[in-house]
Amino acid sequence: MNNVILISVAVLGGLGLISAVILYFVASKFKVYEDPRIDEVEEALPSANCGGCGFPGCRAFAENAVRQAKNEKSLDGLFCPVGGNEVMQKVAAIVGLEVEEHAPMIAVVRCNGTAAHSPDKVNFEGATSCTFANALYSGEGGCQYGCLGLGDCVAACEFDAIHMNPETGLPVVNDKCTACGACVIACPRDIIELRKKGPRDKRIFVSCVNKEKGAPAKKNCEVACIGCGKCEKVCEFDAITITSFLAYIDFEKCKLCRKCVEVCPTSAIWEVNFKPRKPKAEKTVPLKKNEEDKMQNTVTQAIGIKGQSQTGSVNKEVVGSEHIKNKSEK
Amino acid sequence: MGFLKTFTLGGIHPPENKLSANKFIEVLPIPPRVMVPLGQNLGAPSKALVKRGDKVKAGQLIASGESFISANLHSPVSGTVFKLDNVVDASGYRRPAVIINVDGDKWEDGIDISDKLISDINLTAEEIIQKVKTAGIVGMGGATFPTHVKLMVPPGKKAEYLIINGVECEPYLTADHRLMLEKGPEIMVGTQLLMRALKVDKAIIGIENNKPDAIGHLTELAKSYAGISVQPVMVKYPQGGEKQLIKALLNREVPSTKLPIEVGCVVQNVGTAFAVYEAVQKNKPLIDRIITVTGKAVKKPSNFKVRIGTPLKFLIEAAEGLPENTGKIIGGGPMMGKALFSEDVPVVKGSSGILLMPVEESHRKEEGPCIRCSKCTEACPMGLEPFLLARAARASRYDMAEKERIMDCIECGSCQYTCPANIPLLDYLRLGKNKVGGLIRARHKK
């Protein structure tokens with residue numbers, strides 16, 4: 001009886017030993033060399049696997065970063081939008097290179113076609129998918145360029161950074177946004193754009209993508225860009241161009257002077273996170289923004305000035321509290 | 001009478017509601033202004049040839065189809081071009097159109113607008129196709145595929161049968177039915193022209209059995225036209241789909257992603273046959289069509305002959321106005337039609353009907369969970385699994401949707417009609433088709 005146990009142990013042990021020897025030689029023969037820095041880079045990355053860098057996942061980015069650093073001695077064109085400059089510095093340190101600072105970006109929703117500004121003309125019932133609705137019809141308010149409000153961008157966001165505002169029916173970006181660009185791709189109407197975050201989150205942009213002439217654009221939505229060209233004329237930095245009746249502000253050239261916001265007859269140009277404008281003649285100390293205001297500013301991107309008349313005449317006496325009120329209404 | 005022919009897979013039988021079946025075709029007066037959209041056919045939009053202030057006559061070429069799949073466009077009225085502008089189309093999108101202010105009713109020279117039947121055919125196949133192309137004829141069933149492209153049989157293939165589609169399986173619509181009753185001889189000559197263009201000697205006119213008067217009338221007429229036969233088919237939706245009709249009439253199955261020419265068939269609508277007759281024998285381009293205005297609450301359900309570009313509100317007025325409780329205006333039939341954005345939308349070459357739906361019928365029911373009852377699979381005439389495809393599209397699994405042949409879907413809506421949980425299956429199928437189509441195009445570009 002004892003013999004049987006001993007024999008089995010010996011046979012199995014022997015087999016294990018032989019296999020181990022074979023495996024050892026095979027493993028050393030077919031060994032694939034992998035740069036250990038790839039693992040290190042991957043470790044440094046945020047592991048969001050969002051694809052915002054243009055590679056399918058963080059591992060692929062790490063492989064490419066190490067390969068490019070080895071072959072081209074630079075990290076140009078590689079940027080992790082989620083980790084930002086901090087992570088890129090770490091990556092650069094691992095591969096022994098230096099990187100340029102990237103200005104932080106944020107997704108910006110360029111439509112203000114709320115129910116109040118663009119009243120519903122038809123009702124939509126059906127699949128909640130912007131892509132489907134875009135192929136089917138122009139939109140409840142009638143604007144064929146505007147937001148359909150069915151939330152493809154919300155579904156695409158991996159960072160919980162974009163949500164539908166149930167009151168306005170428009171998506172709102174909060175400060176969790178990493179500028180990965182998933183919502184930009186998901187939007188069938190190219191309404192969302194990645195723009196520079198700006199100093200202290202200050203941004204100016206045209207909140208409209210309507211390429212129609214003024215009359216039909218305005219017919220569907222009272223805050224549409226009508227392509228009048230006033231902002232283009234008033235801009236001292238050549239930051240604004242008008243193509244097919246739509247103004248576009250180049251965020252690289254914009255100096256945030258807010259002159260365009262003042263002249264826009266339809267309030268289509270938005271200023272975000274600026275201090276409330278003080279009444280013209282008054283000379284006061286700049287109002288200090290409290291934390292609550294700040295919160296609201298980041299949560300709701302809002303119109304700076306409301307109530308300008310058609311002619312663009314000076315009627316801009318919007319004081320702090322009202323300014324915020326306007327925002328919460330939007 | 002034995003068993004009637006029909007297709008084997010799936011199909012449904014919605015209530016027919018052919019309210020306007022016994023109403024004669026009325027010729028509608030010309031409106032004071034028409035809007036002729038430039039993109040009325042499947043494929044590339046036509047290119048405008050007129051400019052603001054130009055005088056045009058009815059039947060004059062105003063836009064030409066430049067690319068391969070494109071069609072000519074003619075002025076439906078005589079008058080002055082008011083402007084070239086974007087007008088709201090059925091889906092609410094603003095698309096380019098020619099707007100013409102009507103002034104009298106002068107016709108271009110050489111167009112025969114009398115009712116006299118000209119049955120002598122003395123043109124070759126190429127000449128007929130050329131005339132069809134010049135006249136800007138597109139598929140009148142609603143798909144608006146340019147007819148001349150369909151008549152040019154690709155090299156290596158041979159057409160054996162011409163099938164004339166007089167099925168009109170959509171509930172409510174009666175435009176084709178009335179056309180068959182009132183323009184029978186013209187349809188016969190049109191069919192013969194199409195046969196000659198395709199170089200085939202057999203043509204079958206398929207008509208659903210709910211139109212016995214049309215079947216009787218055309219069977220009688222067919223006796224004096226060689227090669228044409230009339231075949232009644234069972235009433236089943238979507239028999240008017242060309243693949244279903246071929247299966248029903250000839251028991252041939254068009255392979256997945258292939259065209260009917262693969263099994264030696266070309267399918268044309270009866271309306272197209274009539275338009276071909278007018279174009280070839282009378283030199284009259286496609287500038288008017290028959291359209292049904294119907295609905296349960298409509299005071300006078302009617303069939304109208306209208307000029308292309310007439311705003312739909314004129315038709316609704318002619319049918320004695322919009323009923324008070326209208327919830328939806330549908331362009332086309334209730335199954336495949338699309339809710340219209342406004343009643344200012346103009347009639348286009350592909351408009352087959354206007355259905356005014358009462359409020360209580362126009363809303364969707366609340367969606368429930370899928371209980372895997374497989375009713376949609378049973379109803380699908382293409383043998384697909386709609387619930388699976390819809391789920392794949394919903395979950396962005398477009399690779400899976402493609403593998404499960406989503407592109408074979410003919411968007412007939414049978415699945416959604418039959419779904420007990422009211423799941424918007426067709427919506428998701430359309431979404432999937434949209435995405436998968438984009439992927440396939442991107443792949444071909446590479």
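Just so you know, these numbers come straight off a predicted model, no measurement behind them.

Caption draft 1: How the structure looks around the overall build of chain B. A tally of helices and strands in chain B yields 14 helices and 17 strands. For chain B, whose C-alpha radius of gyration is 21 Å, the value lies close to the compact-globule estimate of 22 Å for 446 residues. Taken over the C-alpha atoms alone, chain B extends approximately 65 × 55 × 50 Å along its principal axes. Across the 446 residues that make up chain B, the buried fraction comes to 52%. Of the contacts formed within chain B by residues at least 6 apart in sequence, a portion of 73% connects residues at least 24 apart.

Caption draft 2: Broad picture of the sheet that holds strand β3 (residues 47–48) of chain B. All names here are of chain B. If you trace the three strands from one edge of the open sheet to the other, you get β3-β5-β6, paired in antiparallel fashion. Both edges of this open sheet fall to β3 and β6 (73–74), since each of them pairs with a single strand only. As defined by bridge partners, β3 adjoins strand β5 (residues 61–64) across two bridges and the pair is classed as antiparallel. Note on β5: the bridge partner recorded for Lys47 is Ser64.

Caption draft 3: A look at the pairing of strand β13 (residues 288–294) of chain B. Residue and element names in this part refer to chain B. With respect to burial, β13 is a largely interior element, seven of its seven residues being buried. Covered by surrounding structure in β13 are Asp288, Ile290, Thr292 and Thr294 together with Arg289, Ile291 and Val293, the residues of both alternating faces. Taken together, the six bridges between β13 and strand β14 (residues 302–307) define a ladder with antiparallel strand orientation. Among the inter-strand pairings, Thr292 is bridged to a residue of β14, identified as Asn303. In this sheet, strand β17 (residues 353–358) lies alongside β13 in parallel orientation, the contact comprising three bridges. Note on β17: the bridge partner recorded for Thr294 is Leu355.

Caption draft 4: Local environment of the interface of chain B and chain A. Contacts between the two partners involve 14 residues from chain B, matched on the other side by 16 residues from chain A. Counting residues per element, the side of chain B that touches chain A draws most heavily on helix α14 (residues 425–445) of chain B, at six residues. Of the residues that constitute the side of chain B that touches chain A, the class distribution is five nonpolar, four polar and five charged.

Caption draft 5: Quick peek at the packing of helix α3 (residues 175–182) of chain B against helix α7 (residues 270–282) of chain B. All names here are of chain B. Interhelical geometry of α3 versus α7 gives an angle of 45 degrees and a closest axis separation of 9 Å. It follows that α3 is oblique to α7 by the angle criterion. Helix-helix and strand crossings are classified by hand; for α3 and α7 the assignment is left-handed. Listed contacts from α7 to Asp176, Leu179 and Met180 of α3 are Val270, Gly271 and Phe274. Among the residues making up the contact of α3 with α7, the classes are represented as four nonpolar, one polar and one charged.

Caption draft 6: Structural view of the sheet that holds β14 of chain B. Residues and elements named next belong to chain B. With respect to topology, six strands assemble into an open sheet ordered β1-β14-β13-β17-β15-β16, the strand pairing being mixed. Only two strands of the sheet have a single neighbouring strand rather than two, namely β1 (25–27) and β16 (338–339). Across the sheet, α3 touches β1, β13, β14 and β17, and the angle it forms with β13 is around 125 degrees.

Caption draft 7: Here's a closer look at the domain arrangement of chain A. Residue and element names in this part refer to chain A. For chain A, the assigned domains read domain 1 (36–95) and domain 2 (105–329). Every contact between the two is made by five residues of domain 1 and, on the other side, seven residues of domain 2. In terms of residue class, the side of domain 1 that touches domain 2 is built from four nonpolar, one polar and no charged.

Caption draft 8: Fine view of helix α1 (residues 2–29) of chain A. An ideal rise of 1.5 Å per residue puts 40 Å on 28 residues; α1 of chain A measures up with 41 Å between its terminal C-alpha atoms. A small share of α1 of chain A lies buried, amounting to zero of its 28 residues.

Caption draft 9: The arrangement of the domain arrangement of chain B in detail. All names here are of chain B. The domain boundaries assigned to chain B delineate domain 1 (1–26 + 114–363) and domain 2 (375–445). In this structure, domain 1 and domain 2 have C-alpha centres spaced 26 Å apart. Each partner contributes to the interface: domain 1 provides 14 residues, whereas domain 2 provides 15 residues. By residue class, the composition of the side of domain 1 that touches domain 2 is eight nonpolar, six polar and no charged.

Caption draft 10: Molecular detail of the pairing of strand β11 (residues 228–233) of chain B. Pairing geometry for strand β10 (residues 202–208) of chain B and β11 of chain B, over six bridges, is parallel. Looking at β11 of chain B, one finds that Ile205 of chain B is bridged to Val230 of chain B.

Caption draft 11: Highlighting the environment of Gln239 of chain B. Residues and elements named next belong to chain B. Among the secondary structure elements, Gln239 is positioned in the loop between β11 and α6 (242–250). Separated by 109 residues in the primary sequence, Gln239 and Val348 place their C-alpha atoms 24 Å from one another. When residues no more than four places from it in sequence are discounted, the contact partners of Gln239 are Thr6, Phe7, Val167, Cys169, Glu208, Val233, Gln244, Leu245 and Ala248.

Caption draft 12: Here's a closer look at unusual backbone geometry. In this structure, Pro238 of chain B follows Tyr237 of chain B across a cis peptide bond, with omega equal to -5 degrees. Unusually for a residue other than glycine, Phe245 of chain A sits at a positive phi of about 60 degrees. Mapped onto the secondary structure, Phe245 of chain A falls in the loop between β6 (240–243) and β7 (246–249).

Caption draft 13: Looking closely at α7 of chain B. Residue and element names in this part refer to chain B. In a regular helix each residue adds 1.5 Å, so 13 residues correspond to 18 Å; α7 covers 17 Å between its end C-alpha atoms and thus fits that length. Of all 13 residues in α7, twelve are buried; the element is thus mostly enclosed. Among the residues trailing α7, Asn283 stands out with phi positive, at a value near 60 degrees.

Caption draft 14: How the structure looks around the confidence of the model for chain A. Residues and elements named next belong to chain A. Per-residue confidence for chain A gives a mean pLDDT of 82, with 84% of residues at or over 70. The weakest mean pLDDT in chain A belongs to helix α12 (residues 320–329) at 37; the strongest belongs to α1 at 94. In this model, residues 282–330 is a region of pLDDT below 50 whose contacts with residues beyond four sequence positions or in other chains number 66 contacts.

Caption draft 15: Focus on the packing of helix α2 (residues 36–44) of chain A against helix α4 (residues 84–95) of chain A. Residues and elements named next belong to chain A. Contact geometry of α2 with α4 gives a least axis separation of 9 Å together with a crossing angle of 165 degrees. As the angle between them shows, α2 and α4 are arranged roughly antiparallel. Here α2 runs over α4; the crossing is right-handed. Facing α2, whose interface residues are Arg37, Glu40, Val41 and Ala44, α4 presents Val87, Lys90, Val91, Ile94 and Val95. When the residues that make up the contact of α2 with α4 are grouped by side-chain class, the tally is six nonpolar, no polar and three charged.

What counts, and at which threshold
- Residues numbered from 1 in each chain as written.
- Chains lettered and ligands numbered in written order.
- Predicted model: local features only at pLDDT ≥ 70, side-chain atom pairs only at ≥ 80, totals over all residues.
- Helix = DSSP H or I, 4+ residues; strand = E, 2+ residues; numbered from the N terminus.
- Rg over C-alpha atoms; globule rule 2.2 N^0.38 Å.
- Buried ≥ 20, exposed ≤ 12 C-beta atoms within 10 Å, placed from the backbone.
- Contact = placed C-beta atoms within 7 Å.
- Pairing = 2+ DSSP bridges.
- Nonpolar A, V, L, I, M, F, W, Y, C, P; charged D, E, K, R; others polar.
- Axes fitted to C-alpha atoms, helices over the stretch in contact; angles between N-to-C directions.
- Parallel < 35°, antiparallel > 145°, perpendicular 65-115°, else oblique.
- Left-handed = near helix turned anticlockwise from the far one by under 90°.
- Domains from an automatic or database assignment.
- Expected span 1.5 Å × (residues − 1).
- pLDDT = per-residue confidence, 0-100.

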